[in-house]
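Architecture and fold: a report
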Amino acid sequence: MIPVLGLVMGVGLGLWLQPDVPPWVQPYLPIAIVAALDAVVGGLRAVGEKRFDDRVFVVSFISNVVLAALIVFVGDQLGVGSQLSTAVLVVLGIRIFANASAIRRRVFHA
């Protein structure tokens, strides 16, 4: 219940305060959000399989976000940022849908 309250409070504060995202962060924010979503869906799958570990989740969450942003940053420095952004999104999308399908199979026994 506490994580749900934290999420609701965070979204509410974000809508109320409407913080500005610095221009240098804007190219990396969508990738970081998708990486974080991958960690959350993986955590939900682990909860369903009764093997959730909060340390593993936190490390996965932080490392996914940092690594995805770092890959895109290096791609920007090499001049191939859009191609690496696409590659990161494809890989994370595949992982998200694989975890979502595992959750669906567990919930609906299909």
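Residues numbered from 1 in each chain as written. Predicted model: local features only at pLDDT ≥ 70, side-chain atom pairs only at ≥ 80, totals over all residues. Heavy atoms only, no water.

What to know about the layout of surface pockets
The condition is simple: Residues are said to line a cavity or pocket when one of their atoms sits within 4 Å of a point; the points come from a 1 Å grid over protein atoms alone, cavities being sets where a 1.4 Å probe fits but cannot get out and pockets being open sets with protein on both sides within 12 Å along at least five of seven lines. Grid points are joined across faces, edges and corners, and a volume is the space filled by probe spheres set on the points. Numbering of helices and strands runs from the N terminus; a helix is a DSSP stretch of H or I covering at least four residues, while a strand is a stretch of E covering at least two.
The computed volume of the largest pocket comes to approximately 270 Å³. Lining the largest pocket, in full, are Pro3, Val4, Leu7 and Val40. Examining the composition of the lining of the largest pocket, we find that three residues originate from one element, helix α1 (residues 2-17), more than from any other. Here the second largest pocket defines a volume of roughly 220 Å³. What lines the second largest pocket is a set of 15 residues, among which Gly42, Gly43, Ala46, Val56 and Ser60 lie closest to the centre.

Describing the environment of Ile33
Stated precisely, the cut-off is as follows: For each residue, the accessible area found with a 1.4 Å probe, counting protein chains only, is set against the maximum for its type, and the residue is called buried under 20%, exposed over 50%, and partly exposed in between.
Take Ile33: it is sitting in helix α2 (residues 29-48). Classification of Ile33 by relative accessible area gives exposed; the value is 52%. With 30 residues separating them along the chain, Ile33 and Pro3 place their C-alpha atoms 17 Å apart.

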